[in-house]
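Architecture at a glance
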Amino acid sequence: MKNDFLYVEISDNMAKLIRNGVLKAGDRLPSVRMLCREHNISMNTAKRVFLELEAQSLIESKPQSGYFVSRLPYQRLPLPAVSKPSPVSNSKEPAELIGKVYANMGKNNLTLFSVGAPSNELLPLAKLNKEIMHATRELSDSGTGYEQLQGNEKLRRVIAARSLLWGGSLHENDLVTTAGGMNALSFCMMALGKRGDTIAIESPCYPGILQLAGSLGLKVLELPTHPATGIELDALKKAIPKIDLCLLVPNFNTPLGSCMPDEHKKEVVKLLASHGIPLIEDDIYGDLYFGRQRPKCCKSFDQEGTVLWCSSVSKTLAPGYRVGWVAPGIYKEQILKLKLVHAISSPAVTQEAVAGFLKSGRYENHLRKLRHTLESNYQHYIEAIAEYFPAGTKTSRPQGGLALWVEFNKKINTTELFDSAMKQRTSIAPGRMFTMQNQFENCMRLSIGLPWSEEVQLKLKQLGRLVANL
């Protein structure tokens, strides 16, 4: 166990040095024997370190010479520019396109690059089944009765304890459970906004948020967003007089995968609070970080109780269980009233099962494996795009999450690409889905939640050919 821990720790640290540019392409790495001496490890452990880095395409072996840092594929692919949406709120929801793409959810005969969730093959299904059985035995009424309005107490307690991982200090009474993450966002929008109010969001943005805002009669103001660091602070400052509420996905948002630096989060919270503007924080991807440490949340810096922190297990553990929650701060009573009217109660069995899984420690083991797989998938996708897609293709560089944003030259229309790809039984998410405006027509989002395989590689190669033909 000690050697396993050292192998992971050493390889992660070296990988970080390579990705941060401290170790550059062509740099020679220490020999196996030198690594043994430096870290006091065995030859086998040292070899595992190099094998792991090779598997991530970060290094390459040269006969009789040793190991060298590879040229990373993403260094050949430019980063997309900061988005430039119109400064006027808009409501041109691409409902038909969204409906066409998401009509493919659940179809087993398609390669679903369009669905931003981990494949079932990456989820601990057998262990979850056992938790469901255990939950029916643990609950006094086998889960057939109503849960208390605020939600399963065990689940709220374990979520509150886990908030310490991101700099939070929640108590179980600070939380309200919901039927998934979107249900949490829905309650927050209904509690804080009224028809005709303006909500500020990132651009591009998850289509479900656009649809939800439109259904509630809210005006959507899309703000310029950097593909690596998230919302542009200057743009948010200028928008303050125009907005009534704000919704952000600070950690590994879809479709960009960007992560706001902690100092930006702190400034955003302070800015909005000083103007009495509530912030809805969607932290559904926060646990899917690729680095050594989970990023903080905006809620970490909330002094006034005006940040409503929302999350769920839909992107990490069990999408179909529909288990989510919100820490609504000073808006708790409004959220509880809405839940009483719209839901009365949350499903008892799935909440109890998720609570048991989180409390047991199996969740952390699962997350470590899932994060490793997703980061490896990202590297494979980038390599395939660099090899098979046309010159000039740009990609985001997600630091976590499930999404990869791809930008082509202006001649490519990804809605047409979607139609062509479907003829080859492949589904993508065209860029126009992620905005209320006429932009991102030459972009697409790819989910990296599919297990890497020769078939997935072939599908990406086919996509590259289709793009070239367009």
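The coordinates are above.
All of the points below concern the structure found in this document. Please read these numbers as outputs of a predicted model, since none were measured by experiment. (Residues numbered from 1 in each chain as written. Predicted model: local features only at pLDDT ≥ 70, side-chain atom pairs only at ≥ 80, totals over all residues. Heavy atoms only, no water.)

1. Focus: the overall build of the chain
Within the chain, the regular secondary structure consists of 15 helices and 17 strands. Computed over C-alpha atoms, the radius of gyration of the chain comes to 23 Å, within 12% of the 23 Å expected from 2.2 N^0.38 for 470 residues, which places it in the range of a compact globule. Per-residue burial for the chain yields a buried fraction of 56% across its 470 residues. Total accessible area on the chain is roughly 20500 Å²; 51% of this is exposed by carbon and sulfur atoms. (Helix = DSSP H or I, 4+ residues; strand = E, 2+ residues; numbered from the N terminus. Rg over C-alpha atoms; globule rule 2.2 N^0.38 Å. Buried < 20%, exposed > 50% of the residue type's maximum accessible area, 1.4 Å probe, protein only. Areas by Shrake-Rupley, 256 points an atom, 1.4 Å probe, with all protein chains shown as cover.)

2. Some remarks on the pattern of salt bridges
Two side chains with opposite charge may pair up if their charged atoms get near one another. Here the structure, examined in full by the defined rule, presents 13 salt bridges. For the salt bridge of E131 with R362, the shortest nitrogen-to-oxygen distance reads 2.2 Å. Here E131 is found in helix α5 (residues 125–138), whereas its partner R362 is found in helix α13 (residues 362–388), with 231 residues between them in sequence. Judged by its relative accessible area of 5%, E131 falls in the buried class. The partly exposed category is assigned to R362, whose relative accessible area is 33%. In this structure, R157 engages E172 in a salt bridge whose closest nitrogen and oxygen atoms are separated by 3.3 Å. Within this pair, whereas R157 is found in helix α6 (residues 153–162), its partner E172 is found in the loop between α6 and β4 (176–178), the two being separated by 15 residues in sequence. When its relative accessible area of 39% is taken as the criterion, R157 is described as partly exposed. A network of salt bridges, in which partner residues are shared, links R162, D283, D287, R294 and E364. (Salt bridge = Lys/Arg side-chain N within 4 Å of Asp/Glu carboxyl O.)

3. Observations regarding the pairing of strand β14 (residues 403–407)
Of all 5 residues making up β14, 5 are buried, and the element is well covered by its neighbours. What you see with β14 is no split at all: A403, W405 and E407 on one side and L404 and V406 on the other are buried throughout. Where strand β13 (residues 394–395) meets β14, 2 bridges bridge the pair, whose relative direction is antiparallel. Within β14, the residue paired with T395 across the bridge is V406. (Pairing = 2+ DSSP bridges.)

4. Some remarks on the packing of aromatic side chains
Taken as a whole and judged by the stated rule, the model has 8 aromatic pairs. Between W166 and W309 the ring centres are 4.7 Å apart and the planes differ by 40°, which places this aromatic pair in the tilted class. Here the residue W166 occupies a position in the loop between α6 and β4, and W309 occupies one in strand β11 (residues 307–312), the gap between them amounting to 143 residues. What makes W166 buried here is its relative accessible area of 3%. Relative to W452, the ring of Y381 lies with its centre 5.7 Å away and its plane at 50°, an arrangement referred to as tilted. With a gap of 71 residues between them, Y381 in helix α13 and W452 in the loop between β17 (443–447) and α15 (454–469) connect regions that are remote in the sequence. (Phe/Tyr/Trp six-rings, centres within 6.5 Å; stacked < 30°, edge-to-face > 60°.)

5. Description of the sheet that holds β17
As a general point, the strands of a sheet are linked pairwise by backbone hydrogen bonds and lie either parallel or antiparallel. With respect to topology, 4 strands assemble into an open sheet ordered β13-β14-β17-β16, the strand pairing being antiparallel. Edge strands, defined here as strands with exactly one partner in the open sheet, are β13 and β16 (429–430). Against the sheet, α13 engages β13, β14 and β17, with an angle of about 15° to β14. (Contact = heavy atoms within 4.5 Å. Axes fitted to C-alpha atoms, helices over the stretch in contact; angles between N-to-C directions.)

6. Details of the environment of S258
Along the chain, S258 turns up in the loop between β9 (245–248) and α10 (262–274). Under the relative-accessibility criterion, S258 is labelled buried at 1%. The spacing of S258 and K92 is 166 residues in sequence and 25 Å in space, taken between C-alpha atoms. Residues contacting S258, with those up to four places away along its chain left out, are H226, P227, A228, T229, G230, P250, N251, F252 and N253.

7. Digging into the environment of I344
Here I344 is to be found in the loop between α11 (332–342) and α12 (348–360). Excluding its chain neighbours within four sequence positions, the residues that come into contact with I344 are Y146, L149 and K339.

8. Topic: a nonpolar patch on the surface
Together, Y146, L340, V341 and I344 line one region of the surface with nonpolar side chains, adding up to about 480 Å² of accessible area. By the secondary structure assignment, Y146 is in the loop between α5 and α6. (Patch = residues over 30% accessible without salt bridge, like charges linked within 9 Å, V, L, I, M, F, W, Y side chains within 5 Å.)

9. Examining unusual backbone geometry
Cis geometry is adopted by the peptide bond preceding P204, which originates at S203 and carries an omega value of 5°. Topologically, P204 is positioned in the loop between β5 (198–202) and α8 (207–215). The backbone of S142 sits at a positive phi, close to 60°, despite the residue not being glycine. Note on placement: S142 falls in the loop between α5 and α6. Of the residues examined, S142 reaches a relative accessible area of 40% and is grouped as partly exposed. Even without glycine at this site, I344 takes up a positive phi of about 65°.

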